[in-house]
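# Coordinates in review
Residues per chain are reported as follows:
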Amino acid sequence: MAESFSTTHRFFDNKNYPRGFSRHGDFTIKEAQILERQGHAFNDLDSGKREPTTEEEKLFVAVCRGEREPQTESEKIWSKYITRIRRPKRFHTLSGGKPQVDSMEDFSDADE
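Nothing here was measured: the structure is a model prediction, and the numbers come from that model. (Residues numbered from 1 in each chain as written. Predicted model: local features only at pLDDT ≥ 70, side-chain atom pairs only at ≥ 80, totals over all residues. Heavy atoms only, no water.)

The tally for this structure, following the rule as stated, stands at 13 aromatic pairs. Consider the rings of Phe11 and Tyr81, whose centres lie 5.8 Å apart with planes at 80 degrees: the pair is edge-to-face. One end of the pair, Phe11, is in the segment before α1 (21-24); the other, Tyr81, is in helix α4 (residues 73-86), with 70 residues separating them in the sequence. Across the pair, Tyr81 and Phe11 agree in class, each one buried. Taken together, Phe5, Phe11, Tyr17, Phe21, Phe27, Phe42, Phe60, Trp78 and Tyr81 form an aromatic cluster joined through their ring pairs. (Phe/Tyr/Trp six-rings, centres within 6.5 Å; stacked < 30°, edge-to-face > 60°. Helix = DSSP H or I, 4+ residues; strand = E, 2+ residues; numbered from the N terminus. Buried < 20%, exposed > 50% of the residue type's maximum accessible area, 1.4 Å probe, protein only.)

Structure follows, in C-alpha cells:
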C-alpha cells in the first residue's frame, strides 16, 4: 500500500517564509516540520499536478476544492498555510490618528 503524502523533496516557501516556517511564528514546530516534510505532496495534490493514490489523499483534495471542512492534521495545516499566504498584508503606520484632510473650504475662507 502506498504511503499518503510521500515525497522526496523538502518544501520551502522563500517568498512568504524566507526564514522558514518555524521561525516566522505562524506555525508550531510540529506544523512546520509537517509542512517541510509533506508540503510538496500537499502542493502537488492541491494544484492537480499529482493524482491522489490513497483515501486520505482523496479526502485531502476534497478539502482543497472546498467540498468538505479540514478534519485531519494534514488538512488543517495545509488550510492554515493557504489562508496565511492569501491574506492581505498588514499595513502599519506610525501615527495613531486618522490622516488629516485639508478641504478647499478652509482655503476659500482665508482669501475673503
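Read on, since the account is not over.
To continue, consider α4. Residue pairs three or four apart in sequence face the same way in an α-helix, which turns once every 3.6 residues. In this model α4 runs 20 Å from its N-terminal to its C-terminal C-alpha over 14 residues, within 8% of the 20 Å that 1.5 Å per residue would give. Among all positions of α4, only Ser74, Glu75, Ile77, Trp78, Tyr81 and Ile82 are buried. End-on view of α4: buried residues confined to an arc of 165 degrees, all on one side of the axis. Tucked into the core, α4 has its buried residues touching α1, α2 (29-47) and α3 (55-64). (Expected span 1.5 Å × (residues − 1). Arc of directions from axis to C-beta. Contact = heavy atoms within 4.5 Å.)

Another point: the side chain of Arg50. Tracing the backbone shows Arg50 in the loop between α2 and α3. Separated by 2.9 Å, the side chains of Arg50 and Glu57 make a polar contact. Not counting residues up to four positions away in its chain, the partners in contact with Arg50 are Phe5, Ser6, Ala41, Asp44, Leu45 and Glu57. (Polar contact = N/O pair within 3.5 Å; in protein donor to acceptor, adjacent residues only side chain to side chain.)

Running from amino to carboxyl end, α2 crosses α3 at an angle of 60 degrees, the nearest separation of the two axes being 9 Å. With respect to the hand of their crossing, α2 and α3 are arranged in right-handed fashion. Across from Phe42, Leu45 and Asp46 in α2, the residues of α3 making contact are Glu57, Phe60, Val61 and Cys64. Residues belonging to the contact of α2 with α3 are distributed by class as follows: five nonpolar, no polar and two charged. (Axes fitted to C-alpha atoms, helices over the stretch in contact; angles between N-to-C directions. Left-handed = near helix turned anticlockwise from the far one by under 90°. Nonpolar A, V, L, I, M, F, W, Y, C, P; charged D, E, K, R; others polar.)

Function-wise, these values are silent; they only describe arrangement.
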